[in-house]
Amino acid sequence: MERWLALELASTIRHDGDGGVTDDLATVRETALWIRGQRELLGGPAQPGELVVDENLRLAVIELRRAVRALFARMVSPAPPSPADAHRLMPADRAIAHLNTVAAREPVAPQLDWPLEGDPTARLLSAEEDPSVRLVAQLARAAIDFLSGPRHVELRACTAPRCVRYFVKSHGRQEWCKPSCGNRARAARHYRRQRTDGEAGPALR
């Protein structure tokens, strides 16, 4: 299944499976675990193994997440955004400015690799020595790439009860981020119909 680094960042705020919302970046340790979990997607100039994850880096990633989630909310409009932070979203103009500023903190240049046997490939060469700056800039670039890329039109906020995730539709009729959310949404609809029918009472003859 295709994964997007920007979506992975936004999804660090998620349903905890017990009726509430959890934050995968709540502590320095959890932030370090999340970064390690993105090793496959962090294939650019930032290398997670070089990082010393501290509170400053955690707060920088969280602030970038705020910007990304605000722009995701704008992208899915006029449909409702994720309920996790709908009431406290960063203004869109500020979110755009923050994303661009963070991305610009790392000067990078494309480099061509072309072995004698094989196809040419490109990689980014970074002139930034601080791995924390490189990491957050890479997350910002990933968000810019996603928001300006072809799949942004498929971004949705899951409408299942208690879910707070954004997702990319993989087929035309998809309404929820995963099957369990679909099951929960259908059960909620069934319950509402039964309750409405019950309140209406027996039909008069």
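Everything that follows concerns the structure shown earlier in this document.
Residues numbered from 1 in each chain as written. Predicted model: local features only at pLDDT ≥ 70, side-chain atom pairs only at ≥ 80, totals over all residues. Heavy atoms only, no water.

**Here we look at the packing of aromatic side chains**
Throughout the structure, instances matching the rule amount to 3 aromatic pairs. Arranged with centres 6.0 Å apart and planes meeting at 65°, the rings of Trp 4 and Phe 146 form a pair that is edge-to-face. One end of the pair, Trp 4, is in the segment before helix 1 (5–10); the other, Phe 146, is in helix 5 (residues 131–148), and 142 residues separate them in sequence. In terms of burial, Trp 4 and Phe 146 fall into one category: buried. Three or more aromatic residues link up through ring pairs in this structure, and these residues are Trp 4, Phe 72, Phe 146 and Tyr 166. (Phe/Tyr/Trp six-rings, centres within 6.5 Å; stacked < 30°, edge-to-face > 60°. Helix = DSSP H or I, 4+ residues; strand = E, 2+ residues; numbered from the N terminus. Buried < 20%, exposed > 50% of the residue type's maximum accessible area, 1.4 Å probe, protein only.)

**Considering the pattern of salt bridges**
Enumeration according to the criterion identifies 11 salt bridges in this entry. Across the salt bridge formed by Arg 14 and Asp 24, the nearest N and O atoms sit 2.9 Å from each other. One end of the pair, Arg 14, is in strand 1 (residues 13–15); the other, Asp 24, is in the loop between strand 2 (21–23) and helix 2 (28–37), and 10 residues separate them in sequence. Assessed through its relative accessible area of 30%, Arg 14 is described here as partly exposed. Bridged by salt links that share partners, the residues Glu 63, Arg 66 and Arg 94 form one connected network. (Salt bridge = Lys/Arg side-chain N within 4 Å of Asp/Glu carboxyl O.)

**Some points on helix 3 (residues 55–76)**
The terminal C-alpha atoms of helix 3, which comprises 22 residues, lie 31 Å apart, in line with the 32 Å expected from a rise of 1.5 Å per residue. Between a side-chain oxygen at the N-terminus of helix 3 and the backbone nitrogen of Asn 56 the separation is 3.3 Å; the capping residue is Asp 54. (Expected span 1.5 Å × (residues − 1). Polar contact = N/O pair within 3.5 Å; in protein donor to acceptor, adjacent residues only side chain to side chain.)

**Description of the packing of helix 3 against helix 5**
The description of two helices packed together rests on the angle between their axes and the distance between the axes. Interhelical geometry of helix 3 versus helix 5 gives an angle of 5° and a closest axis separation of 10 Å. On the basis of their axis angle, the class for helix 3 and helix 5 is roughly parallel. Of the residues in helix 5, those in contact with Leu 57, Ala 60, Val 61, Leu 64, Val 68, Leu 71, Phe 72 and Met 75 of helix 3 are Ser 132, Leu 135, Val 136, Leu 139, Ala 140, Ala 143, Phe 146 and Leu 147. Class assignment for the residues of the contact of helix 3 with helix 5 results in 15 nonpolar, 1 polar and no charged. (Axes fitted to C-alpha atoms, helices over the stretch in contact; angles between N-to-C directions. Parallel < 35°, antiparallel > 145°, perpendicular 65-115°, else oblique. Contact = heavy atoms within 4.5 Å. Nonpolar A, V, L, I, M, F, W, Y, C, P; charged D, E, K, R; others polar.)

**Concerning unusual backbone geometry**
Following Ser 77, the chain continues to Pro 78 via a peptide bond in cis, the omega torsion being 10°. Secondary-structure assignment places Pro 78 in the loop between helix 3 and helix 4 (92–104). Even without glycine at this site, Arg 162 takes up a positive phi of about 75°. What makes Arg 162 partly exposed here is its relative accessible area of 46%.

**Regarding the environment of Arg 14**
Separated by 148 residues in the primary sequence, Arg 14 and Arg 162 have C-alpha atoms spaced 9.3 Å apart. If we ignore the near neighbours within four places in the chain, the residues touching Arg 14 are Gly 20, Val 21, Thr 22, Asp 24, Val 164 and Arg 165. A polar contact is formed between the side chain of Arg 14 and the side chain of Asp 24, at a distance of 2.9 Å.

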